[in-house]
Amino acid sequence: MPEQHGVRLEVRDASWRVAGRTIVEDVDLVCEPGTVTGLLGPNGSGKTTLINLVAGLTRPATGSVSVDGRDLHALPHRERARLVGLVEQQASTTLDLTVRQVVELGRIPHRKGRLPALDTAPDEHEVVDHALRLADVEDLADRSWQTLSGGERQRTQLARAVAQRPAVLLLDEPTNHLDLGHQLDFLARVRGLGLTTVAALHDLELAAAYCDRVAVLDAGRVVAVGAVADVLTSELIAEVYGVDATVEPHPVHDRPHVRWNGPRTKVRA
Ligand SMILES: Nc1ncnc2c1ncn2[C@@H]1O[C@H](COP(=O)(O)OP(=O)(O)OP(=O)(O)O)[C@@H](O)[C@H]1O
């Protein structure tokens, strides 16, 4: 199976507004090929909105998103879907599909012609089998999607995105349904793909352990971006999340270790 390779992703000056409110404002974000960028920030700070802009689901009011130098929003839908894969926070369908069929949906952008002309070329099956293995859902291949647990659905969605063979992988809170073992396993597998990856994460410890860089959003603006150790400081965590935390070198690996102590104590004037 040929390896997928990441490409350079550039978000320039991107803003998005709805109902007279600016949700994402003047965002600049550059992700180098094959790097994993954690998108952090409190509830409502604009992470999903930014991910949707980068996925091409919505168009920025101002600014641009380019992948490998190509303006993403100027590309035909199918071409865009070959470049960018998205694992959404909550994927749902009323269709009665098996896990394998869900993963096969990832191949649609690569098919010639329209559905239901299912491509039965042997290498298509190989791509799907590879994706099932990679996301550790091979044993679930014949199960109905409707019967899966939240974590099994999340891993199936990763398999669908892997089958899409994108250059950029976008993950919106990909670990929120996973147990600790599967969280670590999932992010290690994602890193192993070597794709340019952007993952919205709430868990700062996971972000510190698995991301090359992090970008922190607050009220729709990027307030800090850079290497994990430079950005994830106790000052930033206090300012953005209102939490008193200690950041120190991890005793086992050399990544920063974030230990929260409690809500930030208000300083009286
Ligand atoms: N279509 C919309 N109409 C109105 N408000 C919206 C719309 N989409 C997003 N918002 C608002 O924009 C803000 C940012 O939402 P977004 O989902 O991007 O935040 P988030 O950082 O992903 O939050 P969370 O961590 O809670 O998932 C929120 O206040 C949300 O209510």
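Sequence order as written defines residue numbering, which begins from 1 separately in each chain. Two thresholds apply to this predicted model, a pLDDT of at least 70 for residue-level local features and 80 or more for giving and counting side-chain atom pairs, whereas whole-chain, interface and lining totals are computed over all residues. Where side-chain values are given, they derive from all heavy atoms of the structure, hydrogens and water being excluded.

- In the nomenclature of an unreviewed UniProt entry, the chain is known as ABC transporter ATP-binding protein of Nocardioides hwasunensis.

Re the site of the ligand
No. 1: By convention in these notes, a residue is near a molecule or strand provided one of its non-hydrogen atoms lies within 4 Å of it. If you check the shell around the ligand, you find 14 residues, and the closest are Gly44, Gly46, Lys47, Thr48 and Thr49.
No. 2: Contacts described as polar in this section are N or O atom pairs within 3.5 Å, which, within protein, must combine one atom able to donate a hydrogen with one able to accept it, while residues neighboring in sequence count only if both atoms come from side chains. Note that an oxygen atom of the ligand is positioned 2.9 Å from one of the side-chain N or O atoms of Thr48.
No. 3: Measuring from an oxygen atom of the ligand, one finds a side-chain N or O atom of His202 at 3.1 Å.
No. 4: The fraction of the free accessible surface of the ligand (640 Å²) that becomes covered by protein chains is 63%.
No. 5: Secondary structure elements follow DSSP: runs of H or I no shorter than four residues count as helices, runs of E no shorter than two count as strands, and numbering proceeds from the N terminus. Elements that contribute at least two residues to the shell around the ligand include exactly strand E2 (21-31) and helix H1 (47-55).
No. 6: Considering every element that reaches the shell around the ligand, the biggest residue donor is H1, with three residues.
No. 7: For this classification, the nonpolar set comprises Ala, Val, Leu, Ile, Met, Phe, Trp, Tyr, Cys and Pro, the charged set comprises Asp, Glu, Lys and Arg, and every other residue, Gly included, is treated as polar. Along the lines of polarity and charge, the residues of the shell around the ligand split into three nonpolar, eight polar and three charged. Each accessible area is a Shrake-Rupley result for a 1.4 Å probe, and residues are judged covered by the shown protein chains and nothing else.

Things to note about the pattern of salt bridges
No. 1: By definition, a salt bridge exists where a carboxyl oxygen of Asp or Glu is found within 4 Å of a side-chain nitrogen of Lys or Arg. For the structure on display, the rule yields 14 salt bridges.
No. 2: In this structure, Arg12 engages Asp28 in a salt bridge whose closest nitrogen and oxygen atoms are separated by 3.8 Å. With Arg12 in strand E1 (residues 9-18) and Asp28 in strand E2, the pair connects residues that are 16 residues apart, well separated along the chain.
No. 3: Taking the relative accessible area as the measure of exposure, Arg12 reaches 36% and is therefore partly exposed.
No. 4: Among the salt bridges present, the one from Asp26 reaches Arg221, with a minimum N-O distance of 3.6 Å. With Asp26 in strand E2 and Arg221 in strand E10 (residues 221-227), this residue pair connects regions lying 195 residues apart in the sequence. The buried label applies to any residue whose accessible area, calculated with a 1.4 Å probe on protein chains only, is under 20% of its type's maximum; exposed applies above 50%, and partly exposed to all values in between.

Points about the packing of helix H5 (residues 150-163) against helix H6 (residues 180-193)
No. 1: Angles shown run from 0 to 180 degrees and are taken between the N-to-C directions of axes, each axis being a line fitted to C-alpha atoms and, for helices, limited to the stretch in contact. Here H5 crosses H6 at 5°, and the two axes come no closer than 12 Å. Put simply, H5 runs roughly parallel to H6. Each of Gln154, Arg155, Leu158 and Val162 in H5 lies in contact with H6, whose residues at this interface are His182, Phe186, Val190 and Leu193.
No. 2: Classifying every residue of the contact of H5 with H6 by side-chain character gives five nonpolar, two polar and one charged. Each angle receives one of four descriptions, namely roughly parallel if under 35 degrees, roughly antiparallel if over 145, roughly perpendicular if within 65 to 115, and oblique otherwise. Residue contacts follow a heavy-atom distance rule, with two residues in contact if any of their heavy atoms lie within 4.5 Å.

Some remarks on H6
No. 1: By this rule, a helix spans an expected 1.5 Å times one less than how many residues it contains. Under the 1.5 Å per step criterion, the end-to-end length of H6 is 20 Å for 14 residues, consistent within 8% with the ideal 20 Å.
No. 2: Turning to H6, its buried residues number three or more, namely Gln183, Phe186, Leu187, Val190 and Leu193. Seen from one end, H6 has its buried residues packed into an arc of 110°, which puts them on one side. Exposed and facing more than 90 degrees away from the buried side of H6 are Leu180 and Gly192.
No. 3: Capping the start of H6 is the job of one residue whose side-chain oxygen sits 2.9 Å from the backbone nitrogen of Gly181: Asp179. An arc is given here, and it is the one of the directions from the helix axis to the C-beta atoms.

Observations regarding the nonpolar core
No. 1: Grouping buried Ala, Val, Leu, Ile, Met, Phe, Trp, Tyr and Cys residues that are joined through side-chain atoms within 4.5 Å yields what is termed a nonpolar core. Leu40, Val103, Leu158, Leu169, Leu171 and Leu232 are the most contacted members of the largest nonpolar core, which totals 49 residues.
No. 2: Once residues within four sequence positions are removed from consideration, Leu40 is found in contact with Lys47, Leu201, Leu204, Ala207, Val214, Ala215, Val216, Leu217, Leu232 and Tyr241.
No. 3: The next biggest cluster of nonpolar side chains, apart from the first, holds 29 residues, and it includes Leu39, Val84, Val198 and Ala215.

Let's talk about the state of the cysteines
No. 1: Cysteine sulfur atoms that come within 2.5 Å of each other are treated as a disulfide pair. Counted under the stated rule, the structure contains zero disulfides.
No. 2: The cysteine Cys31 is free of any disulfide, with Cys211 supplying the nearest cysteine sulfur at 10 Å.
No. 3: The class of Cys31 is buried, set by a relative accessible area of 1%.

As for helix H9 (residues 234-241)
No. 1: Those residues of H9 that fall on the buried side of the exposure criterion are Leu236, Ile237, Ala238 and Val240.
No. 2: Considering only its buried residues, H9 is in contact with helix H7 (204-210), strand E9 (213-218), E10, helix H8 (228-231), strand E11 (243-249) and strand E12 (256-263).
No. 3: Directly after H9, the chain includes Gly242, whose backbone phi takes a positive value near 70°.

Let's talk about the sheet that holds E1
No. 1: Should DSSP find at least two bridges between two strands, the strands are regarded as paired. Strand order in this open sheet of four strands is E2-E1-E4-E5, and the pairing throughout is antiparallel. This sheet does not close on itself; its edge strands, each paired only once, are E2 and strand E5 (70-71).
No. 2: Note: E1 against E2, seven bridges, orientation antiparallel. When the bridges of E2 are listed, Val18 appears paired with Arg21.

Re the sheet that holds strand E6 (residues 84-87)
No. 1: Read from one edge of the open sheet, six strands run E6-E7-E8-E3-E9-E10, paired in mixed fashion. Of all the strands in the sheet, just E6 and E10 have a single pairing partner and so form its edges. Geometrically, the sheet is characterised by an average inter-axis angle of 15° between neighbouring strands, direction not taken into account.
No. 2: Bridge count between strand E7 (residues 168-172) and strand E8 (residues 196-200): five bridges; the pairing is parallel.

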